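# Geometric and topological summary
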Amino acid sequence: MAADEITFQQISLALNGQQILNDVSLSLAAQSTTALLGRSGSGKTTLLRTINALVTPTQGTVSVHGRNVADYDRNELRRGIGYVIQESGLFPHMTIGRNVAMSYELTGKSSEAVQRRVNELLGMTGLPPQEFSSRYPHQLSGGQRQRVGLARALMSDPPILLMDEPFGALDPITRSEVQTMLHELLQRVRKTVVIVTHDLEEALYVADRILFLEHGRVVADLSSGDVRKSQHPAVREYVKAIRRGAPEAIREGTLP
Amino acid sequence: MSDITAFFSRHGWEIARLSFEHLWLTGSAMLLATAVGLPLGIVLTRYHAWAKPVLAVANIIQTVPSLALFGLLLPVPWLGANAPRLAILALTGYALLPILRNTYVGIVGIDPSLRDVANALGMTDWQRLGKVELPLAASFILAGIRTATVICVGVATIAAAIGAGGLGELIFRGVASVDNGLVLAGAVPAALLALIADSGLGALERRLAVKAHGT
């Protein structure tokens, strides 16, 4: 259980005189799903990116599986961490199949194993492989591309999955479809998931722990069940933002 | 009509030979310029601080009038001893900037999130270059090579002034003897060479262009 933990020890990051992260210390349990919630510029994406060493903090240490990130071979570390971003980040010159298979291609696994795994993952993310494998990213809708991005991140079955506003660019209906798919998928493949979002509803739906960030600090650390009860002003603001415009009955949960 | 037939029977072989020379000068210069410009452009994307000064030097080379550059290089030992050699090197200098600049800008201009994803997937620097950066920048780099080729075909006509041969020989002779037929006999094939190179490389460029996400 403890083997898959991610730990931040007093990490800070200053860039051009601006404090992006400010003394963040916490640990994330293995196979938990944690949401980093905050406004633009709160440091949530930067915090996420310290985990796979895309960003190096100016102070403090980040540990993955109990080992300092700085002590890893960078590529070895990153190959064990799935990464999903907004707008999917699919390579536009490669087919969907090759995009998904990329982590296998990099480590030179046999083609038969690759094909089987690609088909399995496309199936799991709701994209029939025979239909999608040979298409190119520009031939897919935003929601389909995001599913492919998720399949690619899961290809090498990494124990950790990082998601940076994965559904931010999708329309509300597509977003909810992909969220449902992710939710069900995470029940089946247990991963340590860290998801960056600015949408509290999304955080409540997929995560079991929610960290609220402001100005590079974690200002509230709550289990998703406690969010609605919290009196913390930053949390209240988010809860209010959801409730605005929602009919009373839905707010109180008396309607299905 | 019989004039044209007579003209070609007199100059046909010469035009063919000089076209071939022209092609040889341009082709060699382009190969050399690509062999230098492409790797150098890639290196610059890894050492951004060098990009500005190196591109500035390439820019300066290109602004030197071609006749002056040929003249200036003439007294250089080894180089000046062989006119085609000198011409090829000078042409290489002219072709360098478009190739260098387009390689650099083409790679630097790639969507940074794709570079991020490549890194996050655990790609080594070489893997990122070969699998992501070069394929995505390919059509842009090729556009630079195309521009350079067209410049080279044009500038190569000046090489005749230092005795390096090529279609410029007909043009210079035509100008000296006030013979428009001879001028055209050099200019038309040179223009055709440029057009053929332009459209051929343009077609290749379109094939290599990568479709962006339709959003």
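Structure shown above.
Residues numbered from 1 in each chain as written. Chains lettered and ligands numbered in written order. Predicted model: local features only at pLDDT ≥ 70, side-chain atom pairs only at ≥ 80, totals over all residues. Heavy atoms only, no water.

### Observations concerning the nonpolar core
Residues and elements named next belong to chain A. Counting 47 residues, the largest nonpolar core has Val100, Leu150, Leu161, Leu200, Ile210, Phe212 and Val227 as its most contacted members. In this structure, this core is formed jointly by two domains, domain 1 (1-80 + 160-170 + 182-224) and domain 2 (89-157), each of which donates at least three residues. Those residues within four positions of leucine 150 in sequence are excluded, and the remaining contacts are Val84, Thr125, Leu161, Met163, Met181, Leu182 and Leu185. With 43 residues, the next largest nonpolar core counts Phe8, Ile51, Val69 and Ile81 among its residues. (Core = buried A, V, L, I, M, F, W, Y, C linked by side-chain atoms within 4.5 Å. Buried < 20%, exposed > 50% of the residue type's maximum accessible area, 1.4 Å probe, protein only. Domains from an automatic or database assignment. Contact = heavy atoms within 4.5 Å.)

### Quick notes on the pattern of salt bridges
This model, assessed by the stated rule, comprises 21 salt bridges over all chains. A salt bridge links Glu105(A) to Arg98(A), with the nearest nitrogen and oxygen atoms 2.9 Å apart. Note on Glu105(A): relative accessible area 28%, which makes it partly exposed. A salt bridge links Lys131(B) to Glu105(A), with the nearest nitrogen and oxygen atoms 2.6 Å apart. Of this pair, Lys131(B) sits in helix H6 (residues 125-155) while Glu105(A) sits in helix H3 (residues 96-107), each in a different chain. Among the charged side chains, a network of salt bridges with common partners joins Arg46(B), Arg115(B), Asp125(B), Arg128(B) and Glu133(B). (Salt bridge = Lys/Arg side-chain N within 4 Å of Asp/Glu carboxyl O. Helix = DSSP H or I, 4+ residues; strand = E, 2+ residues; numbered from the N terminus.)

### Quick look at the interface of chain A and chain B
Residue-level contacts link 26 residues of chain A with 22 residues of chain B. Of the roughly 2,100 Å² buried between chain A and chain B on both sides combined, carbon and sulfur atoms contribute 64%. Summed over the shared surface of chain A and chain B, the number is 2 salt bridges. Linking Asp116(B) and Arg49(A) is a salt bridge whose minimum nitrogen-to-oxygen distance equals 2.3 Å. Summed over the shared surface of chain A and chain B, the number is 6 residue pairs in polar contact (both at pLDDT 80 or more). Broken down by secondary-structure element, the contributors of at least two residues to the side of chain A that touches chain B are helix H2 (74-79), strand E6 (81-85), H3 and helix H6 (142-154) of chain A. Take the side of chain A that touches chain B: its biggest share by element is 5 residues, from H3(A). Per-class residue counts for the side of chain A that touches chain B are 11 nonpolar, 7 polar and 8 charged. (Buried area = accessible area lost by both parts, 1.4 Å probe. Polar contact = N/O pair within 3.5 Å; in protein donor to acceptor, adjacent residues only side chain to side chain. Nonpolar A, V, L, I, M, F, W, Y, C, P; charged D, E, K, R; others polar.)

Function cannot be read off these values alone, since they describe shape.
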